[in-house]
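Take a look at the letters that make up each chain.
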Amino acid sequence: MDTSGFLEWLKGSLSSPENAVGRKILRFVRPDDDKKFFRMLQAERSKHKNLRGIRRLGIIRAYSCPIPPDGLPASFGGVIDWEDDIRIATHSALPRPAAQRASFRGIPWGVRRIRAPEAWSRTTGHRVKVGVIDTGVDFDHPDLRHSLERGINLLYRTMLPYDDNGHGTHIAGTIAAANRMQGMIGVAPRSVIYPIKAFDYNGTAYVSDIILGIDWSVRNRMDVVNMSFGMRTRSKSLLDAVAGAYRSGVLIVASSGNDGKQGRIDYPARSRYTVAVGATNRKGEIASFTNRSDAVDIYAPGEKVDSCWLRGNHKTMSGTSMATSHVTGAIALLLAHKPGLAPDRVKAVLKRSMRPLKNARAPRKAGELDIMRMLQASDKMT
């Protein structure tokens, strides 16, 4: 393919602001074309500022860029695959109640339900690296300040990934809050959160930003990645990035969605390369809002979960997002107990150790997270 011709077309099409009405994810069919185009793009980017909106998605050898409404010329068909770079939303279910200032102390019910405190004499998740692709985190929160590394802000690269929404802070608190004396304790209080801000203040992100977050997680050797969001539409690019992370040894934990659907869950949780999580309530029953199917790997507490919020506050929220963070914390405990455990082995341990659900109509083979059973199952593995 004449990759220089494609680059010239991009220069012309991106020179007019009104042409850029949406973003696409583009991939060259032939790896050699991708290599040539990437070299030329790097050389030309400094000379043509309109090319700076083209972002390399290294983990899948692709590019996210604005494309005019007419799309790609027919002459490039067959040599370039493309899909819409659509937006994803975080997974919280119930209307958000008012934040509760410094009102919650101790161990939340969900952390107790999954029996994390019983495991802390054996593992606390010490130094396990947890990537949280979300809205960022409140770096000043007293329950989190000892659990955080710098991470990355994919929306504003020169800034820390500060949370301007709250969702990411809530997720981080359930995973790794560590303020025993005055605040709350998360599932793995000595694990380390690397906040990866891909979502804006509305809790939405482009698929390409998620892929960049996965790429960053692989390159920076995260042990496990929390993705408390999803979409109904299948994105081949996102699923390829998830599979690439899995093959690199990075396990992604993803939420099943909050539509109350039976027999269907959201992407990317639907991928076999994730741990797909549904939500339960205090009784150990499947929550009414959670999507459920045989594709869900495990269920965990997700209804009325207390965790950290912005400006040092705490908040009660519900959703499969909240369930996902419990499972991510549990995996951090497991990886500190059994360092180097591969993603397929982690999934096998989770499935062998689930506690039966109480719902009479629970999906076949479904079960709820139980950390003590999980550690016992891991000890029996050869």
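Scroll up to find the structure.
Residues numbered from 1 in each chain as written. Predicted model: local features only at pLDDT ≥ 70, side-chain atom pairs only at ≥ 80, totals over all residues. Heavy atoms only, no water.

1. Some thoughts on the overall build of the chain
- Across its full length, the chain holds 10 helices and 18 strands.
- The C-alpha atoms of the chain give a radius of gyration of 21 Å, which matches the 21 Å a tight globule of 382 residues would have.
- Dimensions along the principal axes, computed over C-alpha positions, put the chain at roughly 60 × 40 × 35 Å.
- Looking at the chain as a whole, 60% of its 382 residues are labelled buried.
- Within the chain, residue pairs in contact and separated by at least 24 positions form 76% of the contacts whose partners lie at least 6 positions apart.
- With the model as given, the accessible surface of the chain reaches about 15900 Å², and the carbon-plus-sulfur share is 47%.
- Taking the average place of the 59 positive charges on the side chains of the chain and the average place of its 36 negative ones, the gap between the two points comes to 5 Å. (Helix = DSSP H or I, 4+ residues; strand = E, 2+ residues; numbered from the N terminus. Rg over C-alpha atoms; globule rule 2.2 N^0.38 Å. Buried < 20%, exposed > 50% of the residue type's maximum accessible area, 1.4 Å probe, protein only. Contact = heavy atoms within 4.5 Å. Areas by Shrake-Rupley, 256 points an atom, 1.4 Å probe, with all protein chains shown as cover. Lys, Arg positive; Asp, Glu negative; His and termini not counted. Charge placed at Lys NZ, Arg CZ, Asp CG, Glu CD.)

2. What about the sheet that holds strand 1 (residues 22–28)?
- Read from one edge to the other, the open sheet built from 4 strands follows the order 2-3-1-4, with strand pairing classed as antiparallel. Of all strands in the sheet, those bounded by a partner on one side alone are strand 2 (55–57) and strand 4 (80–84). Strand-to-strand twist in this sheet, taken as the mean axis angle between neighbours without regard to direction, amounts to 35°.
- Along the sheet, helix 1 (residues 3–14) contacts strand 1, strand 3 (62–67) and strand 4; its crossing angle with strand 3, the most-contacted strand, is approximately 35°.
- Relative to strand 1, helix 7 (residues 236–247) is tilted by about 55°, and along the sheet it contacts strand 1 and strand 4. (Pairing = 2+ DSSP bridges. Axes fitted to C-alpha atoms, helices over the stretch in contact; angles between N-to-C directions.)

3. Re the packing of helix 6 (residues 207–219) against helix 7
- Packing of helix 6 against helix 7 brings their axes to within 10 Å, and their N-to-C directions diverge by 10°. The angle between helix 6 and helix 7 falls in the class roughly parallel. Residue-level inspection shows V207, I210, I211, I214 and V218 of helix 6 in contact with helix 7, the latter providing S237, L238, A241, V242 and A245.
- For the contact of helix 6 with helix 7, the per-class residue count stands at 9 nonpolar, 1 polar and no charged. (Parallel < 35°, antiparallel > 145°, perpendicular 65-115°, else oblique. Nonpolar A, V, L, I, M, F, W, Y, C, P; charged D, E, K, R; others polar.)

4. Comments concerning the sheet that holds strand 11 (residues 229–230)
- Overall, antiparallel pairing links the 3 strands, which are arranged 9-5-11 in an open sheet. Edge positions in the sheet fall to strand 9 (204–206) and strand 11, since each has one partner strand and no second.
- Pairing between strand 5 (residues 87–90) and strand 9: 3 bridges, direction antiparallel. Across the sheet, residue A89 finds its bridge partner in strand 9, namely T204.

5. Things to note about helix 10 (residues 371–379)
- Looking at helix 10, one finds that the buried residues are I371, M372, M374, L375, A377 and S378.
- Summarising the contacts, the buried residues of helix 10 are in contact with helix 4 (116–119), helix 8 (320–337) and helix 9 (343–352).
- Regarding helix 10, its N-cap is D370, as a side-chain oxygen of that residue lies 3.2 Å from the backbone nitrogen of M372 further along. (Polar contact = N/O pair within 3.5 Å; in protein donor to acceptor, adjacent residues only side chain to side chain.)

6. Considering helix 2 (residues 31–45)
- Here helix 2 spans 21 Å end to end across 15 residues, near enough to the 21 Å set by a 1.5 Å rise per residue.
- Here helix 2 has its buried residues at D33, D34, F37, L41 and E44. Axial view of helix 2: buried residues confined to an arc of 105°, hence all on one face. For helix 2, exposure combined with an orientation more than 90 degrees from the buried face picks out K35 and R39. (Expected span 1.5 Å × (residues − 1). Arc of directions from axis to C-beta.)

7. So, the pairing of strand 6 (residues 129–134)
- With 5 of 6 residues buried, strand 6 lies mostly within the body of the structure.
- Summarising the sheet, strand 6 and strand 8 (residues 192–197) pair through 6 bridges and their orientation is parallel. Looking at strand 8, one finds that I133 is bridged to I196.
- With 3 bridges joining them, strand 6 and strand 10 (residues 224–227) adopt parallel strand pairing. By the bridge assignment, V132 is partnered in strand 10 with N226.

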